[in-house]
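Now for the letters of each chain:
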Amino acid sequence: MDPTLPARKIYVLDTSVLLHDSHAIDHFQEHDVAIPITVLEEIDTFKQGNAHISFEAREFLRLMDQVAGESNLHDWIPIAGENRGRLRVIMPRTPQRIDAIRVFNEDKPDHKILNSAIALQEEEPDARVALVSKDINLRLKAKALLLPAEDYLTGKVKNVESLYTGMTRLANIESGIINQIFEAGSVDLGTVLPQRPPDNHFFILKNGTHSTLAAFNPASNKLERVERSTAYGIKPRNAEQAFALHAIFNPEIRLVTIRGGAGTGKTLLALAGAIEQRRDFRQILIARPVVPLSNKDIGYLPGDIKDKLDPYMEPLWDNLKFIKNQFGMNDKGYKQIEEMVQQEKIMITPLAYIRGRSLSRVIFIVDEAQNLTPHEIKTIITRAGEGTKLIFTGDIHQIDTPYLDSQSNGLSYVIDRMKGQRIYAHITLEKGERSELANLASELL
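Residues numbered from 1 in each chain as written. Predicted model: local features only at pLDDT ≥ 70, side-chain atom pairs only at ≥ 80, totals over all residues. Heavy atoms only, no water.

(A) Up close: unusual backbone geometry. Within the chain, Asn105 stands out as a residue other than glycine whose phi angle is a positive 55°. A positive phi is found at Tyr232, a non-glycine position, where the angle reads about 50°. Taking the relative accessible area as the measure of exposure, Tyr232 reaches 6% and is therefore buried. (Buried < 20%, exposed > 50% of the residue type's maximum accessible area, 1.4 Å probe, protein only.)

Structure follows, in structure tokens:
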């Protein structure tokens, strides 16, 4: 530690942090936490509704009430727990050094938060005061005013470039081993690898022009052959897609994540794989995050729940139509999908209504999972009852919510944390299969 820096730290939390994680005050170890009263005012405006941030707002207010007890929040109070810091609410005040409202020529909550933090900096000269925010622009403004600012790091993946891909390519494998996998269907792990890979890890094994696909089965401690299975008329076009379907079909795997760019087939494979297993599950639920305008959830939109969701869920319907169109209109496969939709065996549901439910014997597909926070991902997974399978798909480089990035989104988080678990499998799809034109655009534009 740099001896020139103050040992005591005070973190001033922005509204975006508390809506991202209502229990953020518990994650600053022995350091003190300050919350501007302007943040409490903003949190209050988010507490109504069914959106995730509304639940976070209500949970944070309950937590603050519990922590405060009979104490006066104007003064520092201890946060419960061993080696924990203190908490207080700070009032709006115009600092002597600089006034953010005057600098930016606007009286708005962000500038009041900046002023509160700068005033606390003047009040506590022996401590390092830093603003913590998920809002990049607010952090830049703080730094422009010589106020240290940081992102909220809890749940953030350190190095997204080395994020688990779920598969390994191995060259120069003995032909005998490849032949054994083809003929016997498996080979002892030790004959191929000196070390145990993560559970359910996938391999492309090659020797010149000979190759085979394999997956590590932790129960048998063997590399087992992965066949290119077809899912309701959809055939895998590359090795990674074959791996994705293998994970979706494996009854021992209860959680699957599929990451890939546009056109790699992640959503299509998840849907086709789910429909292929329709007899094994009571219902197929499909959802994708609704990115709302301002702090309004879908309840503010006109119409019934179907009308509200349809604009957001159109890509899911497109994939369903594509699967259906693998068959003729009079074919059994075509009619079966239509019947499943009518009977709500296939059902699109808003994520806002998942909280509090117990999902038993369903296969639940969550598309665009990169737009979820780590806390939202946890909420969904903890809803899984007996016999349920969860599939998360998404692209961590295509995020639509302002306070998430490739490191802090829920999809990256679950891939990083679940790696190697016996009931989990992941695969990253690399090759676009939508069309030659789409692939060219992804590469050149």
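(B) Molecular detail of the environment of Pro251. Along the polypeptide, Pro251 turns up in the loop between helix H8 (239-249) and strand S12 (255-260). Measuring from C-alpha to C-alpha, the distance between Pro251 and Lys389 comes to 8.5 Å, with 138 residues separating the pair along the chain. (Helix = DSSP H or I, 4+ residues; strand = E, 2+ residues; numbered from the N terminus.)

(C) Structural view of the sheet that holds strand S5 (residues 128-132). The sheet built from six strands is open, its strands ordered S3-S4-S2-S1-S5-S6 with mixed pairing. In this open sheet, the two edge strands, each paired with only one partner strand, are strand S3 (77-78) and strand S6 (149-150). Where S3 and strand S4 (residues 86-90) come together, two bridges link them in antiparallel fashion. In the strand pairing of S4, Ile77 is matched with Leu87. Seen against the sheet, helix H3 (residues 52-68) touches strand S2 (32-36), S3 and S4 and runs at an angle of roughly 115° to S4. (Pairing = 2+ DSSP bridges. Contact = heavy atoms within 4.5 Å. Axes fitted to C-alpha atoms, helices over the stretch in contact; angles between N-to-C directions.)

(D) Broad picture of empty space enclosed by the protein. Under the criterion given, the structure shown has one cavity of 30 Å³ or more. Of the volumes computed, that of the largest cavity is approximately 50 Å³. Considering the residues around the largest cavity, the lining is formed by Lys134, Ile136, Arg139, Asp151, Pro402, Tyr403, Leu404 and Asp405. Looking at the lining of the largest cavity residue by residue, the classes come out as four nonpolar, no polar and four charged. (1 Å grid on protein atoms, 1.4 Å probe; cavity = no way out; pocket = protein on both sides within 12 Å on 5 of 7 lines; lining within 4 Å. Points joined across faces, edges and corners; volume = space filled by probe spheres on them. Nonpolar A, V, L, I, M, F, W, Y, C, P; charged D, E, K, R; others polar.)

(E) How the structure looks around the packing of aromatic side chains. This structure, assessed with the given rule, holds four aromatic pairs. Ring centres of Tyr11 and Phe28 lie 4.9 Å apart, and the angle between their planes is 40°; on these two criteria the pair is classed as tilted. One end of the pair, Tyr11, is in strand S1 (residues 9-13); the other, Phe28, is in the loop between helix H1 (15-20) and S2, and 17 residues separate them in sequence. Owing to a relative accessible area of 9%, Tyr11 belongs among the buried residues under this scheme. Note on Phe28: relative accessible area 9%, which makes it buried. For the pair Tyr232 and Phe327, a centre-to-centre distance of 5.1 Å together with 65° between the ring planes defines the contact as edge-to-face. Here the residue Tyr232 occupies a position in the loop between strand S11 (222-225) and H8, and Phe327 occupies one in the loop between helix H10 (305-324) and helix H11 (332-342), the gap between them amounting to 95 residues. Each member of the aromatic cluster is reached from another via a ring pair, and the members are Tyr11, Phe28 and Tyr152. If you follow Arg8 out to its NZ or CZ, it ends over the ring of Trp76, 5.5 Å from the centre. Positioned above the aromatic ring of Phe104, the side-chain terminus of Lys141 is 4.9 Å from the ring centre. (Phe/Tyr/Trp six-rings, centres within 6.5 Å; stacked < 30°, edge-to-face > 60°. Lys NZ or Arg CZ within 6 Å of the ring centre and 35° of its normal.)

(F) A look at the sheet that holds strand S8 (residues 186-188). Pairing within the open sheet is mixed, and its five strands lie in the order S7-S9-S10-S11-S8. Every other strand in the sheet has two partners, leaving strand S7 (167-170) and S8 as the edge strands with one partner each. With direction set aside, neighbouring strand axes in the sheet form an average angle of 25°. Of the pairings in the sheet, the one linking strand S9 (residues 202-207) to strand S10 (residues 210-217) comprises six bridges and is antiparallel in character. By the bridge assignment, Asn207 is partnered in S10 with His210. Across the face of the sheet, H8 comes into contact with S7, S9 and S10 while running at roughly 140° to S9.

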